[in-house]
Amino acid sequence: MQRRPVRSTSLKAVGYDAATQTLEIEYRHGGLVRYTGVPPAVHAALLQLPNKALFVEQVLDRNDYGREQLRG
């Protein structure tokens, strides 16, 4: 999956595959997390908001999306 750079103090890049509803978030500290079952509207909202890290914490981590820590 190709990840694209985003403007964020915590997040470095975001990738999304609409066919599988898989979202990957790469953090500036080197971490990489994959979320599954993420609808396209949630991905679009993440890209539009100025505080992306807060969105990840409040929406992605607090809902029933699958979460896999891929790297650190």
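Up top you'll find the structure we're talking about.
Described below are features of the structure shown in this document. These numbers were taken from a predicted model, which means no experiment stands behind them. Per chain, residue numbering runs from 1 following the sequence as it is written. Thresholds applied to this predicted model are a pLDDT of at least 70 for local features of residues and 80 or more for the giving and counting of side-chain atom pairs; totals over whole chains, interfaces and linings are not thresholded and use all residues. Where side-chain values are given, they derive from all heavy atoms of the structure, hydrogens and water being excluded.

Structural notes on the pairing of strand 2 (residues 11-17)
Item 1. Most of strand 2 sits inside the fold, with five of its seven residues counted as buried.
Item 2. Where strand 1 (residues 3-5) meets strand 2, three bridges bridge the pair, whose relative direction is antiparallel. Bridge pairing in strand 2 places Pro5 opposite Ala13.
Item 3. Hairpin remark: strand 1 followed by strand 2, antiparallel, with five residues in the connecting loop.
Item 4. Two strands qualify as a pair provided that DSSP identifies no fewer than 2 bridges between them. Comment: elements are numbered from the N terminus, with helices defined as DSSP H or I runs of at least four residues and strands as E runs of at least two. Sheet topology note: the strand 2/strand 3 (residues 22-27) ladder contains six bridges and is antiparallel. Bridging across to strand 3, Asp17 finds its partner in Thr22.
Item 5. Between strand 2 and strand 3, which pair antiparallel one after the other, the connecting turn spans four residues, and Gln21 there sits at a positive phi close to 50°. Here's how the labels work: a residue is buried when its accessible area is under 20% of the maximum for its type, exposed when over 50%, partly exposed in between, all with a 1.4 Å probe on protein chains only.

A few points about the sheet that holds strand 5 (residues 66-71)
Item 1. Read from one edge of the open sheet, five strands run 1-2-3-4-5, paired in antiparallel fashion. At either end of the open sheet lies a strand with only one pairing partner, and these are strand 1 and strand 5. Between one strand axis and the next, the sheet turns through 20° on average, direction left out of account.
Item 2. The pairing of strand 3 with strand 4 (residues 32-36) spans five bridges and is classified as antiparallel. The partner of Ile25 across the bridge, within strand 4, is Val33.
Item 3. Contact criterion: two residues are considered in contact whenever any of their non-hydrogen atoms come within 4.5 Å of each other. To define axes, lines are fitted to C-alpha atoms, for helices over the stretch in contact only, and angles between the resulting N-to-C directions are given on a 0 to 180 degree scale. The sheet strands contacting helix 1 (residues 40-48) are strand 2 and strand 3, and the helix crosses strand 2 at an angle near 155°.
Item 4. Sheet strands in contact with helix 2 (residues 52-60) are strand 2, strand 3 and strand 4, and its direction is about 135° off that of strand 3.

Read these as layout, nothing more, since geometry by itself doesn't imply function.
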